[in-house]
Amino acid sequence: MSQFWKPGTEKPRILDDEEGGVLFLSSSFSSSASGYGFANIEKQRQRLPVYKYRTAILYLVETHATTIIVGETGSGKTTQIPQYLKEAGWADGGRVIACTQPRRLAVQAVASRVAEEMSVKLGEEVGYTIRFEDITDADATRIKFLTDGVLLREMMDDPLLTKYSVIMVDEAHERSISTDILLGLLKKIQRRRPELRLIISSATIEARSMSDFFRSSKKHQGLESEDLGPSMEPAILSVEGRGFNVQIHYVEEPVQDYVQASVSTVLLINDQEPAGDILVFLTGQDDIDAVVKMLTEETQNSRKNSSGLIVLPLYSGLSRSEQDLIFSPTPRGKRKVVISTNIAETSLTLEGIVYVVDSGFSKQRFYNPISDIENLVVAPISKASARQRAGRAGRIRPGKCYRLYTEEYFMNEMSAEGIPEIQRSNLVDCVIQLKALGIDNILGFDWPASPSPEAMIRALEVLYSLGVLDNDAKLTSPVGFQVAEIPLEPMISKMILASSELGCSEEAITIAAVLSIQSIWFSGRGVQKQLDEAKLRFAAAEGDHVTFLNIYKGFLHSGKSSQWCHKNFINYHAMKKVMEIREQLRRITLRLGIVLKSSEGDMQVVRKAVTAGFFANACRLEPFSHNGMYKTIRGSQEVYIHPSSVLFRVNPKWVVYHSVVSTDRQYMRNVITIDPSWLTEAAPHFYQQQRQNPM
Ligand SMILES: Nc1ncnc2c1ncn2[C@@H]1O[C@H](COP(=O)(O)OP(=O)(O)OP(=O)(O)O)[C@@H](O)[C@H]1O
């Protein structure tokens, strides 16, 4: 491999020695630990770098309201600290220790691991909660893993999060939108509950700014403690040492096509490297499915070595059984290749992984408040992400990471850290959550990183037009509160509420369930023709949402058959997930007093309901356009119908879309035809200007 790859020279450091006030201890894996597997879990726990800091961590948590822990990936922060806290009595007297993660998959995986380490049944003493899945026991659970989004939702019922004694916000360096909102709110809660302990754990050196963030509040509020309570000054602890050594290799020349390059790299590793599974980081379902297909063909074409490859995709929305395959042990003589989005980037330990292939890209959200479009864009990752990705190779033995970019690029061009999600997202969701928690002055909210005022104003405007906020920017009753209560994007929730009045709530919850997952279609290179033919069998002239209803009906008719899905190029596991989510939504809507009713085939009301939620995403086909160019009504942005839509090349005059992805152009995904008069009916305020200037 040496003619394509060269070993890297970088020696990453965790924290600057010059940083004052940082408590340093030193630890690393002992060399004897580098074997394959340990005698038992307890020994394994004690060999993690974080173990040497156990006493220090417990001391700091006891004496400080906020402790910031910085440690490299694999040092044991996530799995060990909650257990140390439990052992030290922080879960006594019915109290609960919470540990948040930005990603659902990480929550499930880490909870399973901790339950295993503690020899308890998952869902009892150790449990987890993610959206649409609660594996906890209200009486028994003492350590609870949950997504940061779920903890935010819990605040709606219990604003001071009274059942928690310690909340550990893990992977804070990822700066997910929910983590940032959570940090702002936790800071507020601490003022009311000084006994609550916070642990902010991060893999990068942002500790200093995080500490300033928590420090400023106490000083401002004059809450510097004078009694015997914990110090309000945040403590910072740097856990040195990480998992096993990971050798980094870079390409010598930039690669043109990372999909092709990932395939060749996997095959090269398979040909030339000893046993060990491979984890490949790509950007989304499309390129993952393409690589899975190319590698699967390779194994079937009986290349001498590649027949032993087990190729598995990994992206959000996989079913439990598909996930289990990823985590299950690799059979003897085989090599697993997991092709993943960045959901495997943090907190996951996939036991057999020895090799990581990093494309250097991920799909990221970028919102432009001027055009009012939130794009999902394939963009370069940051150094922090690259290190996390490499870290997946050194979890239980030494590993290697192959970066599909040059060392020079890594050193000189890659940004150190990503932009916090809150500064590149549409804020509709975030505003409604804060409003539901009674935070009225959103512009004045204490953010770890301030979102742009333009994005905030746009969000307030959309929520006002959705009927969720009133003239005083307070949640309306009942619509605003109901929208906040449904754990979906506010526009989808509004569609469901509108459907109740229009008599098509059965259809609306089906559409909502399908929109909540990535795609129900099977995809992959080389099957486009069959896929297009399959789509035609269900395609509805009204657009994708009605097509989803046809598919759902067909699936039910088939007796929810996997063969039926296979024959029609529909992803069976995705359909099972749709059924699960739909069932949950049915329960939630019933609780909210929404009467479930079918429109019995009247698709006009269904389209009206979609418009009532998604009016802000309305577009008109440009007159005389020969290439299917649309312009958004608000913002006048150029957009096109995505080739995956049943309306691709049909190009009806008026449409609303669910989301936009950017590749060579801005493409609308999930598109439905509308009558423009419904827009002014649904959102008179929003379309005021267009009325003055007739459409
Ligand atoms: N499911 C598992 N099977 C085997 N070992 C595991 C498992 N989960 C964790 N470990 C071991 O525990 C170590 C520490 O994992 P942990 O997730 O606590 O680290 P971390 O410091 O939080 O890293 P990250 O920032 O990547 O989450 C792993 O490197 C691995 O050696």
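Residues numbered from 1 in each chain as written. Predicted model: local features only at pLDDT ≥ 70, side-chain atom pairs only at ≥ 80, totals over all residues.

## Brief notes about the overall build of the protein
Regarding its fold elements, the protein presents 24 helices and 23 strands. The buried share of the protein, taken over its 695 residues, is 49%. Long-range contacts, defined as pairs at least 24 residues apart, comprise 73% of the intrachain contacts of the protein with a sequence gap of at least 6. (Helix = DSSP H or I, 4+ residues; strand = E, 2+ residues; numbered from the N terminus. Buried ≥ 20, exposed ≤ 12 C-beta atoms within 10 Å, placed from the backbone. Contact = placed C-beta atoms within 7 Å.)

## Quick notes on the pairing of strand E9 (residues 197-202)
In terms of residue burial, E9 counts as a mostly covered element, since six of its six residues are buried. By the alternation rule, side chains of E9 split into Arg 197, Ile 199 and Ser 201 and Leu 198, Ile 200 and Ser 202, which are all buried. With five bridges connecting them, strand E3 (residues 66-71) and E9 associate as parallel partners. When the bridges of E9 are listed, Thr 67 appears paired with Ile 199. Where strand E8 (residues 164-169) and E9 come together, four bridges link them in parallel fashion. Residue pairing in the sheet places Val 166 in a bridge with Arg 197 of E9. For the segment spanning E8, helix H6 (residues 177-192) and E9, crossover handedness is right-handed. (Pairing = 2+ DSSP bridges. Right-handed = clockwise from strand over helix to strand, strands pointing away.)

## Concerning helix H9 (residues 285-300)
Taking 1.5 Å as the rise per residue, H9 with 16 residues should run 22 Å; its terminal C-alpha atoms sit 22 Å apart, in good agreement. Where H9 is buried, its residues touch helix H8 (258-272), strand E12 (277-281), strand E13 (309-314) and strand E14 (335-340). (Expected span 1.5 Å × (residues − 1).)

## Some words on the site of the ligand
Lining the immediate surroundings of the ligand are 20 residues, of which Thr 73, Thr 78, Thr 79, Ser 347 and Thr 349 lie closest. Of the residues forming the shell around the ligand, the biggest block, four residues, is contributed by helix H3 (residues 77-87). Each residue belonging to the shell around the ligand can be placed in one class, and the counts come to three nonpolar, 13 polar and four charged. Viewed by domain, the shell around the ligand spans two of them, domain 1 (14-239) and domain 2 (246-422), each represented by three or more residues. (Near = placed C-beta within 6 Å. Nonpolar A, V, L, I, M, F, W, Y, C, P; charged D, E, K, R; others polar. Domains from an automatic or database assignment.)

## Focus: the environment of Arg 389
Within the secondary structure, Arg 389 is located in helix H11 (residues 383-391). Residue Arg 389 is classed as buried on the basis of its 28 C-beta neighbours within 10 Å. Considering only alpha carbons, one finds Arg 389 and Ala 473, 84 residues apart in sequence, at a separation of 42 Å. Apart from residues lying up to four places away in sequence, Arg 389 is in contact with Phe 281, Glu 345, Val 356 and Asp 358.

## A few points about the nonpolar core
A general feature of soluble globular proteins is that nonpolar side chains tend to end up buried together. Counting 188 residues, the largest nonpolar core has Val 280, Val 291, Ile 339, Met 495, Ala 512 and Phe 615 as the members making the most contacts within it. In terms of residues, this core owes the most to one element, helix H4 (residues 104-117), which gives eight residues. Not counting chain neighbours up to four residues away, the residues in contact with Phe 615 comprise Val 656, Leu 679, Ala 682, Ala 683 and Phe 686. (Core = buried A, V, L, I, M, F, W, Y, C linked by C-beta atoms within 7 Å.)

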